[in-house]
Amino acid sequence: MLDLIVIGGGPAGYHAAERAARAGMQVCLFEKNTLGGVCLNEGCIPSKALLYSAKILENARACKRYGIEVAEARPDPGMIVKRSEKVIRTLVAGVRARMKNAGVEVVREAALVCGKSGEGFKVAAGEGEYAARRLLICAGSQPAVPPIPGIREHLGGFVLTNREALSLKEIPGELVVIGGGVIGLEMAAYYNAMGSRVTVVEMLEHIGGPLDTEIADLLQRELARQGIQFYLQAQVQSVREGGVLYREKDATVEIAADKVLLAVGRRPAAENLGLETIGVAMERGAVKADAQGRTNVEGVYAAGDCIGGVMLAHTAYREAEVAVQAMLGREESVHYDANPSVIYTHPEVACVGLSEEEAARRGMDYEVRKLSMRYSGRFLAENEGGDGLCKILAEKGSRRILGAHMLGNSSSEAIWGMAALIGMGADVYQARATIFPHPTVGEILRETLWEFED
Ligand code: NAI
């Protein structure tokens, strides 16, 4: 009998499998598609490869401002997608090598839990039957498909999900993006740079979901300046070949579309795993797990997108670590209030901790300090004509840092420092004793921390 069966080879699954094997467990990992999951194959990584090409294109077009002349910069979408696929292949091979080195057995089959077996659990996959003392469910998520008339019929063709949007070799003339969340904004930014006329239709008042609204509104203004059109508080009514219909006041308006990108969220992929055969409790389609990833069935754990909540790859890594630690008898937990998030548009947004709206919703007494990104020498040197914002929230009185929000390129590389400080419960005074390398864009955080008076 194995020590652990991991179902799902995305960030949560492969990380947990490696950690558990390195801790001495005999581990088998099941993946029905390609190792690396959505993040590596049709999410975080290919989108970053595409967005980097877009950034190079935009920089090339703006290079005159930096004293450089080029004849003309034009995108080659086929080549961009090919490069992205090469990056994916390299990283998938890397995950495979990591599993091999750690001694994890990888089975490329769909795993089906089929009941208890003595001290453990039975799993069927392909022709084989396996048994393990413990199970870790890391089955991930899939795009949410709302019951909007016309969507289902056209899915995978006229209507794209992130999967298809990351591999289009022909750039649509008119692209309508349904949902102004992370996927919607990143893909809108890419296709806008590639030359599509992009319209984002969002049903809420602000883009960016839980983003601090001041940052969200600034990002929207900047993306609109780049040419993306936004319709907010707009409820999509239906989709038909060539257009998207939405309701505005009392009228129905049609937006012309050559392609539509559906990006209205993701939902846990926790069905068809056979979890009912061992009585695992579910909650709103997700596997119900406690702070250490334990389900209601002893020996069965879950981590990553399939437990719902924050569906981010880096959160999944941490949830996986905490679950493996729990198996080893070490009680840790995921610090969700110090969980960073990034939108990799150009400029990018990086945040951690509470937004102003969330702090207010929790009834907290807080103070805010803000600075323009132009206070950073490095930012100024590298962003001709550009601006952005850095915003820090601290609890009134104790001055414990609650949140940090940045709009401006390179902020994704600096935000982890604030995640560490918030995670450790640091106050403004402790945080500003940190020496930041100079000149870096991240120094804007230190400058903003000094805006809190002594
Ligand atoms: P999301 O939850 O970020 O955004 C969905 C948006 O669609 C929301 O703003 C919502 O109000 C809107 N919406 C929902 N129904 C709508 C309708 N009928 N009409 C118009 N708007 C509607 O979901 P998204 O962008 O699909 O991303 C899915 C997941 O992938 C998220 O959990 C996200 O965190 C993750 N992700 C993270 C990335 C990153 O960290 N940079 C990149 C891409 C995805």
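Scroll up to find the structure this text is about.
Residues numbered from 1 in each chain as written. Predicted model: local features only at pLDDT ≥ 70, side-chain atom pairs only at ≥ 80, totals over all residues. Heavy atoms only, no water.

Engineer: What is the right way to read the site of the ligand from this model?
Structural biologist: Residues in contact with the ligand amount to 21 residues; listed here are only the nearest, I183, E186, E202, G265 and V342. Here an oxygen atom of the ligand and a backbone polar atom of G265 are 2.9 Å apart. If one sorts the elements of the shell around the ligand by residue count, helix α7 (residues 182-194) sits on top with four residues. For the shell around the ligand, the class distribution of residues is 14 nonpolar, four polar and three charged. (Near = heavy atom within 4 Å. Polar contact = N/O pair within 3.5 Å; in protein donor to acceptor, adjacent residues only side chain to side chain. Helix = DSSP H or I, 4+ residues; strand = E, 2+ residues; numbered from the N terminus. Nonpolar A, V, L, I, M, F, W, Y, C, P; charged D, E, K, R; others polar.)

Engineer: Would you take a moment to explain the nonpolar core for this structure?
Structural biologist: Note that soluble globular proteins tend to have their nonpolar side chains buried in a common cluster. Core analysis: the largest hydrophobic core is formed by 37 residues, its most contacted members being Y190, Y191, V198, L219, L261 and V349. Mapped by element, the contributors of at least two residues to this core are α3 (44-61), β9 (174-178), α7, β10 (197-201), α8 (213-225) and β21 (349-353). Looking at this core element by element, the count peaks at eight residues for α7. Those residues in contact with L261 that lie beyond four places of it in its chain are L160, T161, N162, A165, L175, V176, V177, I178 and M187. Grouped together as the second largest cluster of nonpolar side chains are 29 residues, I88, A102, A316 and V324 included. (Core = buried A, V, L, I, M, F, W, Y, C linked by side-chain atoms within 4.5 Å. Buried < 20%, exposed > 50% of the residue type's maximum accessible area, 1.4 Å probe, protein only. Contact = heavy atoms within 4.5 Å.)

Engineer: Please clarify how the packing of helix α1 (residues 11-22) against helix α4 (residues 77-102) should be interpreted in this entry.
Structural biologist: A pair of packed helices is characterised by two quantities: the angle between their axes and the separation of those axes. At a minimum axis separation of 9 Å, α1 and α4 run at an interaxial angle of 20°. Considered as vectors, α1 and α4 are oriented roughly parallel to each other. With respect to the hand of their crossing, α1 and α4 are arranged in left-handed fashion. In this structure, α1 contributes Y14, H15, A17, E18, A21 and R22 to the contact, and α4 contributes V95, R98, M99, N101 and A102. Partitioned by chemical class, the residues of the contact of α1 with α4 number six nonpolar, two polar and three charged. (Axes fitted to C-alpha atoms, helices over the stretch in contact; angles between N-to-C directions. Parallel < 35°, antiparallel > 145°, perpendicular 65-115°, else oblique. Left-handed = near helix turned anticlockwise from the far one by under 90°.)

Engineer: Can you help me understand the environment of V244 in this one?
Structural biologist: With respect to the helices and strands, the residue V244 is situated in strand β13 (residues 243-248). For V244, the contacting residues outside a window of four places in its chain are V176, V236, S238, V239, V253, E254, I255 and V260.

Engineer: What is the right way to read the packing of α3 against α7 from this model?
Structural biologist: Packing of α3 against α7 leaves a shortest axis separation of 9 Å and a crossing angle of 40°. Accordingly, the angle class assigned to the pair α3 and α7 is oblique. Pair α3 / α7 crosses with left-handed handedness. In this structure, α3 contributes S47, K48, L50, L51, A54, L57, E58 and R61 to the contact, and α7 contributes E186, M187, A189, Y190, A193 and M194.

Structural measurements only, silent on function.
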